[in-house]
Amino acid sequence: MITREPTPVTGPLSALAHAFGEIGRAGILAFQSVLLLPVTLFRWRSRRELVSQMYQAGIKSLPIISVVALFTGMILALQVGLELRRYNQEIYIGSAVMVSLLREMGPFMTGIVLTACVGSSMAAQLGTMTVNEEIAALEMMAINPVRFLMAPRMGAMLFMTPLLSFYTCVLGVIGGGVVGFTQLSVPWRQYIKTAVDFADTRDLYVGLLKALVFAVIITTVACYEGFTTTRGAVGVGQATRRSVISSLLLILMTGYIITRMFYDL
Amino acid sequence: MIRFEHVTKTFGDQNVLDDLSFELHKGEIFHIVGPSGAGKSVTLKHMVRLLSPTSGSVWLGDREINAADGRELEELREHFGYLFQSAALLGWMTVGENIALPLREKTKLSEDEIEGKVRSALKMVGLEDAGEKYPSEISGGMQKRAGLARAIVRDPEIVLYDEPTSGLDPMTSRTIDRLIRDLNERLGITSVVVTHDLYSSFLTATRIAMLSRGKFIELGTPEQFAASTHPEVRGFLDAQGVGAGAIAPHLTARP
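What you see as residue numbers is a count from 1 along each chain, following the sequence as written. To label them, take the chains in the order written and letter them from A, then take the ligands in the order written and number them from 1. This being a predicted model, a pLDDT of at least 70 is required before a residue's local features are given, and a value of 80 or more before pairs of side-chain atoms are given or counted; all residues contribute to the totals for chains, interfaces and linings. Excluded from the side-chain calculation are hydrogens and water; included are all heavy atoms of the structure.

1. Thoughts on the overall build of chain A
- Labels follow the DSSP assignment, with helices taken as runs of H or I lasting at least four residues and strands as runs of E lasting at least two, numbered in each case from the N terminus. When its secondary structure is counted, chain A shows 10 helices and 0 strands.
- Order of helices (α) and strands (β) in chain A, N terminus to C terminus: α-α-α-α-α-α-α-α-α-α.
- Throughout, exposure labels follow a simple rule: accessible area from a 1.4 Å probe, protein chains only, divided by the maximum for the residue type, with under 20% read as buried, over 50% as exposed, and the rest as partly exposed. Counting over 265 residues, chain A shows a buried share of 48%.
- Taking contacts inside chain A between residues at least 6 apart in sequence as the whole, the part at least 24 apart equals 83%. A contact between two residues is defined here by any heavy atoms of the two lying within 4.5 Å.

In structure tokens, the structure reads:
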């Protein structure tokens, strides 16, 4: 049952219980939407919605992701290159750019862009549907909003985020190469060689794992905020804002935790 | 059919429903009237567990609605159609797709059968030409009628109407009244209508209840309601120009 009454917060203990309750309910929502993914894949109408969400999350984000990826690679190459040049080691910028993009910056920048572009739009759309009683109408038709609305979004994000993250890495490496070649005089061949030599398959897997986790975070937070929106247009704005802030913070924290889990000091 | 047993509902420190008990009978058109904020929509939402009572219970036959969850609640809700105040049509679907939605999602009917049912539902509410339009392209009254078509397309036993005539012109309001009455007479649908519009109540209701401070202060047939001596009921009747002398024309004008 998605439509529920807001619980009043009366003091610090009640606020704490409320916060834990929210985390728990969001977790259940994430679990349910992943469990309902096979239904989304087997029903053609749900598949149509899944494809539409893939287009919204993936294809429509491509222009902004491309710009962000290219400039992230260029900034990384420039900053690292300037330092390495002091020791005449600028030929190694390829490895620095590749490793930092694969492990951290690729999924992180993708997560940020998707939070801003896709997560906010999801929260606003579902929030508007909630205040317009469309979610209650779905429940009254005995249609599960998690299956009907959230599962296709979760599926689309789980599919598109790793792809976009990999795309960010590739474009970032190219951007770094452009800076290396034009401003640090590092030959392309040398740049690519050091980039490939120093990258480990584990870096790629860890990056893709992060992308998957970020997809779950963005979708869950956005849908939870949307489903729990109250108080009309103001409420929709607040839900969208909360969704963006919570997703960004969670992406930052889980990014660190995953890195710490896979790389020993 | 639907039974409220000592239902109390509080929001924070505000008591919206106060030990409310009543029973709806099969096939009747039950109107709940009262001033804004009296708890009319809250009462309606308790019937389908969009809200749950703080204490007391709501029953559909021998099944307690507020104790149902998951699959059981879905199954209970399939007995109901619900016309929301805002019609609550999905904005990215056409009117036809909105009406077809419960059939596509919850039945195994073929596309041809679904199209046939959608067409006859659209015809019933007088929207034969609006099937391909989006909700934003039609008027508020048409949206209400489309919402009604969606609410009845699966032949529910009970239809709940939340302010079906609010914000509509008198002509469209009477069309909706006629539809409610037709559905009741032709299909035997039990209707619960929440409204401010006493004119509409006298035209269609079999019983009228007035809610004030969480309780029904009057409950009876339109004739009994019109003859009420309760000062609040009298005030409500007078405010809408439906005094004792004015009631007879309303009752004889029933569609």
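There is more to say, and it comes next.
2. Brief notes about the interface of chain B and chain A
- With 31 residues of chain B at the contact, the number on the chain A side is 22 residues.
- Accessible area, probed at 1.4 Å, shrinks when two parts are joined; the buried area is that loss added up over both. The contact between chain B and chain A buries some 2200 Å² in all, and 60% of this surface belongs to carbon and sulfur atoms.
- The largest per-residue losses of area from chain B upon contact with chain A belong to R77, W92 and E105 of chain B, which jointly make up 27% of the total buried on that side.
- One speaks of a salt bridge when a side-chain nitrogen belonging to Lys or Arg is within 4 Å of a carboxyl oxygen belonging to Asp or Glu. The tally of links between chain B and chain A comes to 3 salt bridges.

3. Here's the deal with unusual backbone geometry
Residues and elements named next belong to chain A.
- Unlike most non-glycine residues, S185 shows phi in positive territory, near 55°.
- Looking at the element boundaries, S185 is found in the loop between helix 7 (145–183) and helix 8 (188–198).
- Judged by its relative accessible area of 63%, S185 is exposed.
- For R231, which is not glycine, the phi dihedral falls at a positive 65°.
- The residue R231 is located in the loop between helix 9 (201–227) and helix 10 (232–262) in this model.
- For R231, a relative accessible area of 63% puts it in the exposed group.

4. Section: the packing of helix 5 (residues 93–131) of chain A against helix 9 of chain A
Residues and elements named next belong to chain A.
- At a closest axis distance of 8 Å, the pairing of helix 5 and helix 9 adopts a crossing angle of 15°. The orientation of helix 5 relative to helix 9 falls into the category roughly parallel. Pair helix 5 / helix 9 crosses with right-handed handedness.
- When residue character is reported, Ala, Val, Leu, Ile, Met, Phe, Trp, Tyr, Cys and Pro are called nonpolar, Asp, Glu, Lys and Arg charged, and the others, Gly included, polar. Its residues placed into classes, the contact of helix 5 with helix 9 shows 15 nonpolar, 8 polar and 4 charged. Simply put, an axis is a line fit to the C-alpha atoms, just over the touching stretch for a helix, and the angle between two N-to-C directions goes from 0 to 180 degrees. Any angle between 65 and 115 degrees counts as roughly perpendicular, while under 35 counts as roughly parallel, over 145 as roughly antiparallel, and the rest as oblique. Here is the rule for handedness: rotate from the far helix to the near one, and if that takes an anticlockwise turn smaller than a right angle the crossing is left-handed, while a clockwise turn gives right-handed.

5. A word on the environment of F214 of chain A
All names here are of chain A.
- Along the chain, F214 falls in helix 9.
- For F214, a relative accessible area of 0% gives the class buried.
- Along the sequence, F214 and G58 sit 156 residues apart, while their C-alpha atoms lie 14 Å from each other.

6. A word on the sheet that holds strand 9 (residues 207–212) of chain B
Residues and elements named next belong to chain B.
- Strands were regarded as paired on the criterion that DSSP finds at least two bridges between them. The strand order 6-7-8-3-9-10 describes an open sheet built from 6 strands, whose pairing is mixed. Looking along the sheet, the strands with just one partner apiece sit at the ends: strand 6 (80–83) and strand 10 (215–220). For this sheet, the mean inter-axis angle between neighbouring strands, taken without regard to orientation, is 15°.
- In this structure, strand 3 (residues 29–33) lies alongside strand 8 (residues 190–195), joined through 5 bridges in parallel fashion. From the neighbouring strand, I32 faces strand 8, where its bridge partner is V194.
- The sheet contacts of helix 9 (residues 231–239) involve strand 3, strand 9 and strand 10, and relative to strand 9 the element is tilted by about 110°.

7. Here we look at the packing of helix 3 (residues 95–106) of chain B against helix 5 (residues 140–152) of chain B
Residues and elements named next belong to chain B.
- Between helix 3 and helix 5, whose axes approach to 8 Å, the crossing angle comes to 25°. Taken as axis vectors, helix 3 and helix 5 run roughly parallel relative to one another. Between helix 3 and helix 5 lies a crossing of right-handed hand. Counting all contacts with helix 3, which are made through V95, N98, I99 and P102, the residues of helix 5 involved are A146, A149 and R150.
- Looking at side-chain class alone, the contact of helix 3 with helix 5 contains 5 nonpolar, 1 polar and 1 charged residues.

8. So, the pattern of salt bridges
- Applying the stated criterion to the full structure yields 23 salt bridges over all chains.
- Notably, a salt bridge pairs E232 of chain B with R213 of chain B, separated by 2.8 Å at the nearest N-O pair. Of this pair, E232 of chain B sits in helix 9 while R213 of chain B sits in the loop between strand 9 and strand 10, and the two are 19 residues apart along the sequence.
- It is possible to trace a salt-bridge network through shared partners that takes in R43 and R147 of chain A together with E105 of chain B.

9. Some words on the nonpolar core
- With 45 residues, the main nonpolar core has L138, F148, L149, M157 and F227 of chain A together with L101 of chain B as its most contacted residues.
- Of all the elements in the fold, those that place two or more residues in this core are helix 1 (12–35), helix 3 (44–59), helix 4 (62–85), helix 5, helix 6 (134–140), helix 7 and helix 9 of chain A.
- With 10 residues, the single largest contributor to this core is helix 7 of chain A.
- Filtering out sequence-adjacent residues up to four positions away, M157 of chain A remains in contact with A57, L114, V118, M122, P162, A215, I218 and T219 of chain A.
- Throughout, nonpolar core names a set of buried Ala, Val, Leu, Ile, Met, Phe, Trp, Tyr and Cys residues whose side chains join them through atoms within 4.5 Å. With 36 residues, the next largest nonpolar core counts F30, L76, I158 and L211 of chain B among its residues.

10. Digging into the pairing of strand 10 of chain B
All names here are of chain B.
- Judged from the 5 bridges that link them, strand 9 and strand 10 form a sheet pairing that is antiparallel. Residue A209 lies in a different strand from strand 10, and its bridge partner there is L219.
- The loop that links strand 9 with its antiparallel partner strand 10 comprises 2 residues; one of these, R213, has a positive phi angle of about 50°.

11. Some words on the pairing of strand 4 (residues 55–60) of chain B
Residue and element names in this part refer to chain B.
- Direction of pairing for strand 1 (residues 2–11) relative to strand 4: antiparallel, over a ladder of 5 bridges. Its bridge partner being in strand 4, I2 is matched across the sheet by L60.
- Where strand 4 lies against strand 5 (residues 63–64), 2 bridges are found, and the strand directions are antiparallel. Bridge pairing in strand 5 links W59 to E64.
- Between the antiparallel neighbours strand 4 and strand 5 lie 2 residues, among them G61 with a positive phi of about 60°.

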